[in-house]
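# Geometric and topological summary
Listed below are the residues making up each chain.
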Amino acid sequence: MKVIGLAGWSGAGKTTLLTRVIPHLLGEGLRVSVIKHAHHAFDVDVPGKDSWRHREAGAAEVLVSSGKRWALMHELRGAPEPRLPELLAKLSRVDLVVVEGFKSEPHRKIEVHRLANGKPMLFPDDPAISGIATDTEVETTLPVVHLDDIPAIAAMMRKLAISVEDVLAASAVES
């Protein structure tokens, strides 16, 4: 299982890019999963539904299953947010895990940068950024591809991805 991240400021187009590149990767025969970091409270459940009521009553975890999918919701209840290695360990094995967010974790990342966003580049200050997907010219020795070149971005993701074991080892050194 290999891991690659997408990093960038809010509004850079990380999610939009990912929704375009996943079908391309699937077309190449890869199984792909995503870990997305949210900076705010979020809910994947519907207030009033049974699973929501179970969580509200205090259940530590609620697993909902059907013939189409299953979902596990884990309430932290004041515990610290899990780091990326702990979350990677919870995933089923796939060919490629794309991590959106988790900027402070030491996995390799591709920076997504959109000129119109008006934000500075991350790569000069983040040694884990190993490539850039952008809509502007960038002076760097890192590989750079255009945001609209989905095959090139997919190829960059495959080339720069590192094994989950390497991510775990890097995180252990950083801890």
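Structural data are supplied above this passage.
Here the structure is a predicted model, which means the values were calculated and not measured.

## Observations concerning the side chain of Thr134
Here Thr134 lies in strand E7 (residues 129-134). For Thr134, the side chain forms a polar contact with the main-chain nitrogen of Thr136, separated by 3.3 Å. In contact with Thr134, other than residues within four places in its own chain, are His113, Val144, Val145, His146 and Leu147.

## A word on the nonpolar core
Ranked by size, the top nonpolar core spans 23 residues in total, and within it Ile4, Val21, Leu25, Val98, Ile110, Ile153 and Met157 carry the most contacts. Among the elements of the structure, strand E1 (2-7), helix H1 (14-27), strand E5 (96-100), strand E6 (109-113) and helix H4 (150-160) are those that each provide at least two residues to this core. Looking at which element gives the most residues to this core, the answer is H4, with six residues. Those residues in contact with Leu25 that lie beyond four places of it in its chain are Leu30, Val32, Leu96, Ala154, Met157 and Arg158. Among the nonpolar cores identified, the runner-up in size contains twelve residues, and Val94, Val97, Phe102 and Val167 belong to it.

## Let's talk about the packing of aromatic side chains
On inspection of all chains with the given rule, the structure shows zero aromatic pairs. Taking the ring centre of Trp9 as reference, the NZ or CZ of Lys103 above it sits at 4.6 Å. Stacked on the ring of Trp9, the Lys or Arg Lys119 has its end atom at 5.5 Å from the ring centre.

What counts, and where the lines are drawn
- Each chain carries its own residue numbering, running from 1 in the direction its sequence is written.
- Two thresholds apply to this predicted model, a pLDDT of at least 70 for residue-level local features and 80 or more for giving and counting side-chain atom pairs, whereas whole-chain, interface and lining totals are computed over all residues.
- The side-chain figures draw on all heavy atoms in the structure; neither hydrogens nor water molecules are used.
- Comment: elements are numbered from the N terminus, with helices defined as DSSP H or I runs of at least four residues and strands as E runs of at least two.
- Residues adjacent in sequence count toward polar contacts only when both atoms are side-chain atoms; beyond that, a polar contact is any pair of N or O atoms within 3.5 Å, and within protein one must be able to donate a hydrogen and the other to accept it.
- Here a residue-residue contact requires only that any non-hydrogen atoms of the pair lie within 4.5 Å.
- Think of a nonpolar core as a cluster: buried Ala, Val, Leu, Ile, Met, Phe, Trp, Tyr and Cys residues, connected wherever their side-chain atoms sit within 4.5 Å.
- Only protein chains enter the accessibility calculation, which uses a 1.4 Å probe. A residue is then buried if its area is under 20% of the maximum for its type, exposed if over 50%, and partly exposed in between.
- Two aromatic rings, drawn from Phe, Tyr or Trp (for Trp, its six-membered ring), form a pair once their centres lie within 6.5 Å of each other, and the interplanar angle then sorts them: stacked below 30 degrees, edge-to-face above 60, tilted otherwise.
- By definition, being over a ring means that NZ of Lys or CZ of Arg is both within 6 Å of the ring centre and within 35 degrees of the ring normal.

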